[in-house]
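Spelled out from the first residue to the last, the chains are:
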2 protein chains.
Amino acid sequence: MPELRRDPVVGRWMILDDHSKGPLDFSKDDNTPTHQAICPFCPGREHQTPQEVDAVRPVNSLANTPGWLVRTVPNKFPVLSSDGSLQKEGYGIYDQMTGIGAHEVLIEGPEHDKNLTEFTSEEMQAVISQYQNRFRHLSKDRRFKYVMIFKNYGSSAGATVEHTHSQIIALPMVPKTVLEELKGAEHYHQYRGRCVFCDMISQEYQDKERIVVENTSFLAFCPYAPRYAFETWIIPKGHSADFSNADESTQAHLAQILQDVLKRVKKVLGNPSYNYYLHTAPIGYGNMACYHWHIEIIPKLTRSVGFEWGTGLHIVPTFPQDAARYLREASS
Amino acid sequence: MPELRRDPVVGRWMILDDHSKGPLDFSKDDNTPTHQAICPFCPGREHQTPQEVDAVRPVNSLANTPGWLVRTVPNKFPVLSSDGSLQKEGYGIYDQMTGIGAHEVLIEGPEHDKNLTEFTSEEMQAVISQYQNRFRHLSKDRRFKYVMIFKNYGSSAGATVEHTHSQIIALPMVPKTVLEELKGAEHYHQYRGRCVFCDMISQEYQDKERIVVENTSFLAFCPYAPRYAFETWIIPKGHSADFSNADESTQAHLAQILQDVLKRVKKVLGNPSYNYYLHTAPIGYGNMACYHWHIEIIPKLTRSVGFEWGTGLHIVPTFPQDAARYLREASS
């Protein structure tokens, strides 16, 4: 018998298929790196990207020259424009705004063939630290309401450049999925006086079966009502709404667990394409009592089917407790 | 400069890329039919499907024998189970239900190689009539809250059998996308006392540029704030919340305009994969003042990118007025 489950935050129902698929039941991409010859993200080709806006690099080394550990540049093909003012206007019954925003590429490391699972802990921490730097910097721009940090790994997940990188988009509004989480979390908090994410963490510790791994500051688990097979969340154990407040040791713990989970995903699923993105409180909302920042990791294992796009009803072929068991039992 | 637009019903913002892509700028599937040897939907192989639940067939012809024009059977691999009672229960802080529902396949015609664009008007009307028959039949089951009628055409759109068919899923809850439309439409109606979809129709007639085609009862247009390139809606011109009330002449007009739009999509985009689905009032809601049933047609032209799944923010590469112009100018 299939099972219907409801996401406790946004209230979305999903269908769990009764034949729970294992890691070998999916056809996946092979994301082995292939070529380096013309990569604009490699050291020595800094002039092929727009001028860098930030970097982790040795003191006194020059911007836009080699030597960097992490390098952030504006996206050469931005989806939103960073120049101009935000103009809102009506168009008959419709609403529109000028497409103002920022779209940056965060090149995670200098080596073309090295992905996050192969980074040293120092390199991983430099990535997380750069995430926060860019987040804080973009948050100061009064035109922006939200900063979305995300990573597409592998062509099926939308990556168009092979060299390891993340993307950052600053938006003049809070995007739909985050708004839904905020509304659901507020509703829950009004009703019960508690953070729904904190309650989820308690529940996960009680049930145990969906936990993948934990460290001092973070829990990684497969959510009870996922949208995708092997979907995994990383969440701070203590209540915290705002990623931009994470201190240095928290960042180090995040770097550790994020890499640990990605290694497990790679080991169990064979280097699949994946996406992850960071959900945090919108700019200026501070440490809200009802919200809780987290990272959602989504291995790209199934094709998107029209039914799911059209209904918002996801059909998930792997039970989260099974996915978690595979990931838990894989030594990273 | 890119443009941000808000969907007037659900409030979703989307980004319009400033380089509007034409029909030739997408790489598409070739959906030319290839084989017929083992198709379980072809006449003479009725025993290879579950027993038919409904059909348009000559009077006195036997069920599960050839001669039918349209034939509906339970899906051999249903995502929900039609046997059993609906049990709801809590699981700690989480909610679940037994996976009760119906999942049917509506085989649109007997000929393996013939798709909807090649149907006669009588054949097209038989499909629409069968949609309504199944809708009405499934609506009588007290376990169900919603009946979703949809079609996946082509492998990229999720079709696993080539022989032309639609699917029907009866659900024990209203799916997320419909619920969002209902909430948005109720909100608009409370505020303005009018149906937001009726207002959209007026606006479309005023602007003209997004209209694809119309007939006596229906308007086809590319919505102002689409989620996908060449997304096209078909909507009754007069207020009507409930598809199950559409009378015979309305059904004939729907058959005509649906086929017309699909022919234009095929002509302009070269037989691409597509999805369409019917959004109507949930079972028992009747002819709501705030809601308006419609069909959304989504050619599958772009790959789903992680960013869109993660944020709910769609980046659309073709302006709706451009898509509408291409479709309008293609003689069907």
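Rules and cut-offs
Residues numbered from 1 in each chain as written. Chains lettered and ligands numbered in written order. Predicted model: local features only at pLDDT ≥ 70, side-chain atom pairs only at ≥ 80, totals over all residues. Contact = placed C-beta atoms within 7 Å. Nonpolar A, V, L, I, M, F, W, Y, C, P; charged D, E, K, R; others polar. Pairing = 2+ DSSP bridges. Helix = DSSP H or I, 4+ residues; strand = E, 2+ residues; numbered from the N terminus. Axes fitted to C-alpha atoms, helices over the stretch in contact; angles between N-to-C directions. Core = buried A, V, L, I, M, F, W, Y, C linked by C-beta atoms within 7 Å. Buried ≥ 20, exposed ≤ 12 C-beta atoms within 10 Å, placed from the backbone. Least-squares fit on C-alpha atoms with pLDDT ≥ 70 in both. Expected span 1.5 Å × (residues − 1). Arc of directions from axis to C-beta. Left-handed = near helix turned anticlockwise from the far one by under 90°. pLDDT = per-residue confidence, 0-100.

Undergrad: Help me understand the interface of chain B and chain A, please; the structure alone is not making it clear to me.
TA: Between chain B and chain A, the residue contacts involve 55 residues of the former and 55 residues of the latter. Taken together, the residues of the side of chain B that touches chain A sort by class into 27 nonpolar, 17 polar and 11 charged. Here strand β6 (residues 94-98) of chain A runs beside strand β1 (residues 3-6) of chain B; their pairing, made up of four bridges, is antiparallel. For M97 of chain A, the partnering residue across the bridge sits in β1 of chain B and is L4 of chain B.

Undergrad: What is the right way to look at the sheet that holds β6 of chain A in this model?
TA: The strands that make up a sheet are held in pairs by hydrogen bonds between backbone atoms, and each pair lies either parallel or antiparallel. Spatially, the five strands line up as an open sheet ordered β5(A)-β6(A)-β1(B)-β2(B)-β15(B), and their pairing is mixed. What marks the edges here is a single partner per strand, and that holds for β5 (88-91) of chain A together with β15 (314-316) of chain B. Adjacent strand axes in the sheet meet at a mean angle of 30 degrees when their direction is disregarded. Pairing of β1 of chain B with strand β2 (residues 13-16) of chain B involves four bridges; the strand directions are antiparallel. The partner of E3 of chain B across the bridge, within β2 of chain B, is L16 of chain B.

Undergrad: How should I be thinking about the nonpolar core in this particular structure?
TA: Nonpolar side chains in soluble globular proteins tend to be buried together. Formed by 197 residues in total, the largest nonpolar core has its most connected members in V147 and V261 of chain A together with V147, A220 and V261 of chain B. Ranked by residues supplied to this core, first place goes to helix α4 (residues 248-269) of chain A with 10 residues. The residues touching V261 of chain B, leaving out its near neighbours within four places in the chain, are V212, V213, A220, T232, I234 and I297 of chain B.

Undergrad: Please explain unusual backbone geometry as it appears in this structure.
TA: Most peptide bonds are trans, and most residues other than glycine sit at a negative phi. Residues and elements named next belong to chain A. In this structure, N60 takes a positive phi of about 75 degrees despite not being glycine. Along the chain, N60 falls in the loop between β3 (54-56) and β4 (70-74). The class for N60 is exposed, based on 6 C-beta atoms found within 10 Å.

Undergrad: Sorry, what's going on with the environment of D242 of chain A here?
TA: Residues and elements named next belong to chain A. Relative to the helices and strands, D242 resides in the loop between β12 (232-236) and α4. Sequence separation of D242 and D141 is 101 residues, and the distance between their C-alpha atoms is 17 Å. The residues contacting D242, other than those within four sequence positions of it, are T280, A281, G286, N287 and W293.

Undergrad: Just checking my understanding: could you explain the relation of the copies chain B and chain A for this structure?
TA: Mapping one chain copy onto the other needs a rotation about an axis and a shift along that axis. Here chain B sits on chain A after a turn of 180 degrees about the axis and a move of 0.0 Å along it, with an RMSD of 0.0 Å. Overall, the copies show the geometry of a two-fold rotation axis. When the interface residues of chain B are mapped onto chain A, 100% of them are again interface residues, pointing to one common binding face.

Undergrad: Just checking my understanding: could you explain the pairing of β6 of chain A for this structure?
TA: Along any regular strand, the residues point their side chains to alternate faces of the sheet. Relative to β6 of chain A, β5 of chain A is paired through four bridges, and the arrangement is antiparallel. Its bridge partner lying in β6 of chain A, Y91 of chain A is registered against Y94 of chain A.

Undergrad: Looking at this structure, how should I read helix α3 (residues 196-207) of chain B?
TA: Residue pairs spaced three or four apart in an α-helix point in one direction, given the helix's 3.6 residues per turn. All names here are of chain B. Under the 1.5 Å per step criterion, the end-to-end length of α3 is 16 Å for 12 residues, consistent within 8% with the ideal 16 Å. Residues V196, F197, M200, I201 and E204 constitute the buried set of α3. All buried residues of α3 fall inside an arc of 145 degrees around its axis, so they share one side. Projecting away from the buried face of α3 at angles above 90 degrees are the exposed residues S202 and Q206. Among the structural elements, α2 (176-192), β10 (211-214), β11 (218-221), β12 (232-236) and β14 (294-299) are those in contact with the buried residues of α3. Looking one or two residues past α3, K208 carries a phi angle of roughly 65 degrees, positive in sign.

Undergrad: What's the story with the packing of helix α1 (residues 121-139) of chain A against α4 of chain A in this structure? I'm lost.
TA: Axis angle and axis distance: for two packed helices, these are the angle between their axes and the distance between the axes, and together they describe the pair. Residue and element names in this part refer to chain A. One can describe the packing of α1 onto α4 by two numbers: an axis separation of 9 Å at closest approach and a directional angle of 115 degrees. Here α1 and α4 pass one another in a crossing that is right-handed. Every residue of α4 that contacts α1 at S121, M124, Q125, I128, S129 and Q132 is listed here: Q251, A252, L254, A255, Q256 and Q259. Residues that form the contact of α1 with α4 fall into these classes: five nonpolar, seven polar and no charged.

Undergrad: What exactly am I supposed to notice about the environment of A55 of chain A here?
TA: Residue and element names in this part refer to chain A. Positionally, A55 belongs in strand β3. A tally of 23 C-beta atoms within 10 Å means that A55 is categorised as buried. Between the alpha carbons of A55 and R134 there is a distance of 9.8 Å; along the sequence they are 79 residues apart. Beyond its immediate stretch of four places on either side in the chain, A55 contacts A63, W68, V70, R71 and T72.

Undergrad: Please explain the sheet that holds strand β14 (residues 294-299) of chain A as it appears in this structure.
TA: Residue and element names in this part refer to chain A. Strand order in the open sheet formed by 10 strands is β3-β4-β7-β9-β8-β13-β14-β12-β11-β10, and the pairing between neighbours is antiparallel. What marks the edges here is a single partner per strand, and that holds for β3 and β10 (211-214). Going across the sheet, the axis of each strand differs from the next one's by a mean of 20 degrees, ignoring polarity. Examined bridge by bridge, β3 and β4 share three bridges and lie antiparallel to one another. Looking across to β4, one finds that D54 is bridged to T72. Sitting on the sheet, helix α3 (residues 196-207) is in contact with β10, β11 (218-221), β12 and β14, with an inclination near 70 degrees to β11.

Undergrad: Please explain the pairing of strand β7 (residues 102-107) of chain A as it appears in this structure.
TA: All names here are of chain A. Burial of β7 is extensive: six of the six residues sit out of reach of the surface. Judged by which residues are buried, β7 turns out to be covered on both faces: A102, E104 and L106 on one side and H103, V105 and I107 on the other are all buried. Examined bridge by bridge, β7 and strand β9 (residues 165-171) share six bridges and lie antiparallel to one another. Note on β9: the bridge partner recorded for H103 is I169.

Undergrad: Teacher, can you tell me more about the confidence of the model for chain A here?
TA: One rule of thumb: low pLDDT means the predicted coordinates there are not for detailed reading. Per-residue pLDDT for chain A has a mean of 91; in total, 97% of the residues score no lower than 70. We note a pTM of 0.93 for the whole complex and an ipTM of 0.89 for its interfaces.

Undergrad: Even after reading the chapter, I still don't get helix α6 (residues 320-329) of chain A, so can you show me in this structure?
TA: Residue and element names in this part refer to chain A. When α6 is considered as a whole, its buried residues turn out to be P320, A323, A324, L327 and R328. Buried positions in α6, seen along its axis, are confined to an arc of 130 degrees and lie on one side of it. Residues of α6 that are buried in the fold lie against β10, β11, β12 and α4.

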